[in-house]
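Remarks on the overall topology
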Protein chains: 2
Amino acid sequence: MRIDQLLVATVLTVMLTGCAAPRATGDLGVVVERASGSLTLVETTNQTLLQRIEGLGDLSHASVVYSRDERFAYVFGRDGGLTKVDMLSGRIAGRTIQSGNSIGGAISQDGSLVAVSNYEPGGVKVFDADTLELVVDIPATYGEEGQLSKVVGLVDAPGQRFVFSLFEAGEIWVADLSQPDKPQITRFKDIGREPYDALVTPDGRYYIAGLFGEDGLAMLDLWHPEQGVRRILDHYGRGEQKLPVYKMPHLEGWAIAGDYAFVPAVGRHEVLIVDVGTWQEVDRIEVHGQPVFVMGRPDGREVWVNYAFPDNDTVQIIDTASFRIAETLKPGKGVLHMEFTPRGEHLWMSVRDEDVVRVYDTRTRQEIATLPAEKPSGIFFTARAHRIGL
Amino acid sequence: MRIDQLLVATVLTVMLTGCAAPRATGDLGVVVERASGSLTLVETTNQTLLQRIEGLGDLSHASVVYSRDERFAYVFGRDGGLTKVDMLSGRIAGRTIQSGNSIGGAISQDGSLVAVSNYEPGGVKVFDADTLELVVDIPATYGEEGQLSKVVGLVDAPGQRFVFSLFEAGEIWVADLSQPDKPQITRFKDIGREPYDALVTPDGRYYIAGLFGEDGLAMLDLWHPEQGVRRILDHYGRGEQKLPVYKMPHLEGWAIAGDYAFVPAVGRHEVLIVDVGTWQEVDRIEVHGQPVFVMGRPDGREVWVNYAFPDNDTVQIIDTASFRIAETLKPGKGVLHMEFTPRGEHLWMSVRDEDVVRVYDTRTRQEIATLPAEKPSGIFFTARAHRIGL
């Protein structure tokens, strides 16, 4: 090859590969394709697919958090894999199999630490967000013999803290990692039997764990940890079931709109309405099936609800001012997850058995785009980078 | 020049200019330098200055909104200039002098429209966010002779709406631009004398205008516009002043934390605490000076307050759980504006007379970075792209 040919080749290479058109990252997201262990990178301004990213392992029950600059996605796989994906290049920037079996993760307030909650071995591992090197290992030990408990319901909270629950131990732990070399862990014991999932309110104040082993929810006010964990919604849980429970609802799926939380009932065709001032139930709405996710539109004016099998072909929209069903949609079988655009003009919905993601205009409730995806499940937009507890 | 020299030059050009290292945009922002009509582009992960951008005209009282992908800043100048800045290249991507005198702007829920509120000629002009072409012109006509009113307090609201107030007319208008060629305008008359500024609550529900010509505030519940505008906080305003008013406080500076709004008193050394359920005042906190901005940390646990001249060398931090002053800082003379990072770990503060921007760790309240800037005023981070009403 002559020098000018080489230079032409170099120019073309730089132009084609090194020099992709610059792109901002505020309107990006990923759709989890659980069956194929892949992600589809999407953008929400024109509702298009950008690229497929493969090789992420077992993505059943996968979740995603984002770096504070909205460049990197951290993907938590069921097989213990923690994968860092570069949203600009569409490439895997790092990957580690950090445990045998994991159930979710969180990113610290300042974006420097990524934490993963593990079933096997039970505990939380905390990684450097840049390098994925292990920074802190927190085994979830309990009892006189120091057994390890499965860890669930891991969230971030202000003040560089992570909060999580120990399933077998029946404990809630708050880990302050403002000095990562000296983690300060506060343990709350006897919070209830078998916490199985949890949420933190959007302001990072109330941590609420669901209990598999008994009724009610365990709540910790992180503004007043000295008050300890108290029980709310005494009758909430499997005890009130009148129907077989096809799927325990996701607690992250609570919608908080104004003064009320809209909470999926367990095993019943109901959404509970809870006053967040008193944490008392004030009403119930009869719905189409057993609710799984109850997602609040960012302005709080509506909540969108999907359902467990065999009703997972239906989505209902609840008007939060009237507590009534405003609309019933039939998007197709296997509606698994929904994500609003950050200011709420659109909702994206995974319809697994149709192999599509549907995009709705929330004002008209009309479908405005249909995108192909392989058995899509979770949808996560980069705007989560700027939120507490997501 | 020989072909290989040309190619070398081309390669170098592509590498040096066309091929800047890719960068995400979630951690970017601008600092307004009012005296020099420039912006300084900053990033909040490592707290550094990236670049100065000049040629933006009169930036006194300037404000900024962002495109939904966090790539473009729209800068509203006092001289009627609307400038579109590319945060990736640091270049001006478009600029139009759209009026003689303007006072702020907003971007529509879907990011397609940018609206500017004008004093001269009084009205709102709405531009295509891509091209800056005029899409809709809304003259603020009132009275039998069709005079034009100055427009203030322009905000975006869900449903592709803009809400704004007419100073001389004493009206609030809601413009629904979901069909830009058929704008639907709803006028609320006799809302009070001389509305001078306004805010919308973070959920986009309550639009609240301050009145210069009388006491009290005018509130419109956008969930129930049929109920009309009602008066709240009857005694709020200049009527309660005991001291000369050095600066009317900014209403966008209200902090809403949990059940309470923290509201700068007018002409008094007080911050009012208002129950947002009833919109009644429940308490007052004595503070160091006449408050200008009362900014809520994103988790609502603290509000940071700056003051009008001659107390503008002081910032106080109010604990929203105890309603007490938690700390008094002396950052230097001319503290004009503050901005929290989206998850609240840091606060950035413009100290005009010291020609610096100070960055504080909100957990330790220690200054962690000091950046030079020319007479800095407003600070705006790209995370605003994802919020309602900012």
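Residues numbered from 1 in each chain as written. Chains lettered and ligands numbered in written order. Predicted model: local features only at pLDDT ≥ 70, side-chain atom pairs only at ≥ 80, totals over all residues. Heavy atoms only, no water.

Overview of the relation of the copies chain B and chain A
Both copies of the chain are placed relative to one another by a rotation about an axis and a shift along it. Each copy of the sequence occupies a distinct position, and chain B is placed on chain A by a rotation of 180° and an axial shift of 0.0 Å, giving an RMSD of 0.0 Å. The transformation relating the two chain copies, once decomposed into turn and shift, fits a two-fold axis. (Least-squares fit on C-alpha atoms with pLDDT ≥ 70 in both.)

A look at the side chain of A:Gln109
Residue position: A:Gln109 is located in the loop between strand S8 (101-107) and strand S9 (113-120). Reaching out from A:Gln109, the side chain makes a polar contact with the backbone nitrogen of A:Gln160 at a distance of 3.5 Å. Filtering out sequence-adjacent residues up to four positions away, A:Gln109 remains in contact with A:Ala157, A:Pro158, A:Gly159, A:Gln160, B:Arg343, B:Gly344 and B:Glu345. (Helix = DSSP H or I, 4+ residues; strand = E, 2+ residues; numbered from the N terminus. Polar contact = N/O pair within 3.5 Å; in protein donor to acceptor, adjacent residues only side chain to side chain. Contact = heavy atoms within 4.5 Å.)

Overview of the interface of chain B and chain A
How big an interface is tends to be reported as the loss of accessible area on association of its parts. Tallying the contact residues gives 52 residues for chain B and 52 residues for chain A. For the pair chain B and chain A, the two sides together bury roughly 4400 Å², of which 58% comes from carbon and sulfur. The three residues of chain B that bury the most area against chain A are B:Arg68, B:Arg343 and B:His386, which together make up 21% of that side's buried surface. Where chain B packs against chain A, one counts 4 salt bridges. When the shortest N-O distance is used, the salt bridge between A:Asp156 and B:Arg343 registers 2.8 Å. The tally of links between chain B and chain A comes to 23 residue pairs in polar contact (both at pLDDT 80 or more). (Buried area = accessible area lost by both parts, 1.4 Å probe. Salt bridge = Lys/Arg side-chain N within 4 Å of Asp/Glu carboxyl O.)

Considerations on the pairing of strand S10 (residues 122-128) of chain B
Residue and element names in this part refer to chain B. Among the 7 residues that make up S10, 6 are buried, leaving the element largely enclosed by the rest of the structure. When strand S9 (residues 113-120) meets S10, the two strands line up antiparallel, connected through 7 bridges. Within S10, the residue paired with Val-114 across the bridge is Phe-127. The antiparallel hairpin formed by S9 and S10 contains 1 residue in its connecting segment. Two strands pair when backbone bridges link them, and S10 and strand S11 (residues 134-139) are joined in this way by 5 bridges, in the antiparallel orientation. Residue pairing for S11: Val-126 is matched across the bridge by Val-136. Hairpin connection of S10 to S11: 5 residues between the antiparallel strands, including Leu-132 at a positive phi of 65°. (Buried < 20%, exposed > 50% of the residue type's maximum accessible area, 1.4 Å probe, protein only. Pairing = 2+ DSSP bridges.)

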